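Spelled out, the chains give:
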Amino acid sequence: MFKKLLNLIFLSFKGYSLLRSYQLNECKNIELSGYSIEFGAYEEKKKNFHNFFKGSAKFVLSNVHNRKEKSYIKLDLTKKLKIKKSSFQNVLLMNVLEHLPNLNNVFEEIDRILKNKGNFIGSTPFLYQIHGAPFDYQRFTKDFFYKTFSKKKYKSIIIKPLGFGPMVASYGLVQTYLRYFPIIKEILLILCYFIDFIIQIFVKTKLEEIYPVGYFFIIKK
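A.B. asks: Outline unusual backbone geometry, supporting the account with residue identities and numerical values.
C.D. replies: With a phi close to 55°, Asn95 is a non-glycine residue in the positive phi region. Note on placement: Asn95 falls in the loop between β6 (88–94) and α3 (106–113). Of note in the backbone geometry, Ile183 takes a positive phi value of approximately 75° without being a glycine. Topologically, Ile183 is positioned in the loop between α5 (166–174) and α6 (184–201).

A.B. asks: Can you break down α3 residue by residue, with the values?
C.D. replies: The element α3 is extensively covered by neighbouring structure, given that seven of its eight residues are classed as buried. For α3, every residue scored as buried is listed here: Val106, Phe107, Glu109, Ile110, Asp111, Arg112 and Ile113. Looking at the packing, one finds that the buried side of α3 touches β2 (35–39), β6, β7 (114–125) and α4 (142–150).

A.B. asks: Go over the environment of Lys221, please, and point to the residues and values.
C.D. replies: Here Lys221 is to be found in the segment after β9 (214–220). According to the relative accessible area criterion, Lys221 is buried, its value standing at 18%. Look past the residues within four positions of Lys221 in its chain and what remains in contact with it is Asp111, Leu114, Lys115, Asn116, Lys117, Gly118, Tyr154 and Lys155. Of the polar contacts made by the side chain of Lys221, one reaches the backbone oxygen of Leu114; its length is 2.8 Å.

A.B. asks: Tell me about the sheet that holds β7, and name the residues and values.
C.D. replies: Two strands in a sheet stick together by hydrogen bonds in their backbones, pointing the same way (parallel) or opposite ways (antiparallel). The seven strands lie next to each other as β5-β4-β2-β6-β7-β9-β8, forming an open sheet whose pairing is mixed. Both outer strands of the open sheet, β5 (72–74) and β8 (156–162), are each paired with one neighbouring strand and no more. Neighbour-to-neighbour, the strand axes of this sheet turn through a mean angle of 20°, independent of strand direction. With seven bridges connecting them, β7 and β9 associate as antiparallel partners. If you follow Ile121 over to β9, its bridge partner there is Ile218. Against the sheet, helix α2 (residues 18–27) contacts β6, β7, β8 and β9, and its axis sits at roughly 145° relative to β8. Relative to β8, α4 is tilted by about 165°, and along the sheet it contacts β7, β8 and β9.

A.B. asks: Got a sec to walk through the packing of α5 against α6? Specific residues and values, please.
C.D. replies: α6 packs onto α5 with a crossing angle of 155° between their chain directions and a minimal axis gap of 7 Å. Taken together, the axis directions place α5 and α6 in an arrangement best described as roughly antiparallel. Between α5 and α6, the contacting residues are Pro166, Met167, Val168 and Tyr171 on the first element and Lys185, Leu188, Leu189, Cys192, Tyr193, Ile195, Asp196 and Ile199 on the second. Its residues assigned to classes, the contact of α5 with α6 comprises 10 nonpolar, no polar and two charged.

A.B. asks: Could you give an account of the packing of helix α1 (residues 2–13) against α6, naming the residues involved and the relevant values?
C.D. replies: At a minimum axis distance of 10 Å, the contact between α1 and α6 shows a crossing angle of 155°. If you check the angle between α1 and α6, you find them roughly antiparallel. Helix-helix and strand crossings are classified by hand; for α1 and α6 the assignment is right-handed. Contacts between α1 and α6 involve Lys4, Leu5, Leu8, Ile9, Ser12 and Phe13 from the former and Lys185, Glu186, Leu189, Ile190 and Tyr193 from the latter. Looking at the contact of α1 with α6 residue by residue, the classes come out as seven nonpolar, one polar and three charged.

A.B. asks: Just give me the short version of the packing of aromatic side chains, but keep the residues and values in it.
C.D. replies: Throughout the structure, instances matching the rule amount to 17 aromatic pairs. Judged by centre distance (5.0 Å) and plane angle (25°), the rings of Tyr35 and Phe88 are stacked. Residue Tyr35 is located in strand β2, and its partner Phe88 is located in strand β6; the two are separated by 53 residues in the primary sequence. Note on Tyr35: relative accessible area 44%, which makes it partly exposed. Ring geometry for Phe107 against Phe149: centres 5.5 Å apart, planes inclined by 85°, an arrangement best described as edge-to-face. Highlighted residues: Phe107 in helix α3 and Phe149 in helix α4, separated in sequence by 42 residues. Through a chain of ring-to-ring contacts, the aromatic side chains of Phe107, Phe120, Phe126, Phe140, Phe144, Phe145, Phe149, Tyr154, Tyr215 and Phe217 assemble into a single cluster. Seen from the ring of Phe49, Arg20 lies directly overhead, with NZ or CZ sitting 4.2 Å from the centre.

What counts, and where the lines are drawn
- Residues numbered from 1 in each chain as written.
- Predicted model: local features only at pLDDT ≥ 70, side-chain atom pairs only at ≥ 80, totals over all residues.
- Heavy atoms only, no water.
- Helix = DSSP H or I, 4+ residues; strand = E, 2+ residues; numbered from the N terminus.
- Buried < 20%, exposed > 50% of the residue type's maximum accessible area, 1.4 Å probe, protein only.
- Contact = heavy atoms within 4.5 Å.
- Polar contact = N/O pair within 3.5 Å; in protein donor to acceptor, adjacent residues only side chain to side chain.
- Pairing = 2+ DSSP bridges.
- Axes fitted to C-alpha atoms, helices over the stretch in contact; angles between N-to-C directions.
- Parallel < 35°, antiparallel > 145°, perpendicular 65-115°, else oblique.
- Nonpolar A, V, L, I, M, F, W, Y, C, P; charged D, E, K, R; others polar.
- Left-handed = near helix turned anticlockwise from the far one by under 90°.
- Phe/Tyr/Trp six-rings, centres within 6.5 Å; stacked < 30°, edge-to-face > 60°.
- Lys NZ or Arg CZ within 6 Å of the ring centre and 35° of its normal.

Take a look at the structure:
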């Protein structure tokens, strides 16, 4: 637990949000190989999530907007993708689903382009501010993901809540306004973590299940 807190403090000093810090900690524990794609990739390449995974996977970067870089391909997840069936060993979909108004096509297309025994890895915010790109349509729960992915006969479905408790979740909501106060915001994070630790002693259910700042999923086809 305290090792995770130290990682969060380190990433906070580097300027990452609480949600992204939790997401990066999950990525660092996963090793990937094979031909892969990351949807919703940033124009600034070093910001993209595939950089934080271990392994030798080769990534194609995609975004709904045109990018000058040749390594980017323009793809719209609300439409049929011009990609052959079973093209990728790994598909990354990080902080994208909440920006899509209709998900009917998304999961079918990802399942189609994913190879057998491939990995569909993604994350979404939950207790997190509205953030348009340009629009922010929805939030998802663990129940939603289990019900959605259970419709397909995947070999493995892992849904992880990201967070620690109500105080840490509250910290995540105000962190943006604390970015001009280094040290102070890290001290506040430690305090919030400590209070949640005390609360957890008296609560049977894991607080991260009740107050997640987001979810991280790993689906094995």
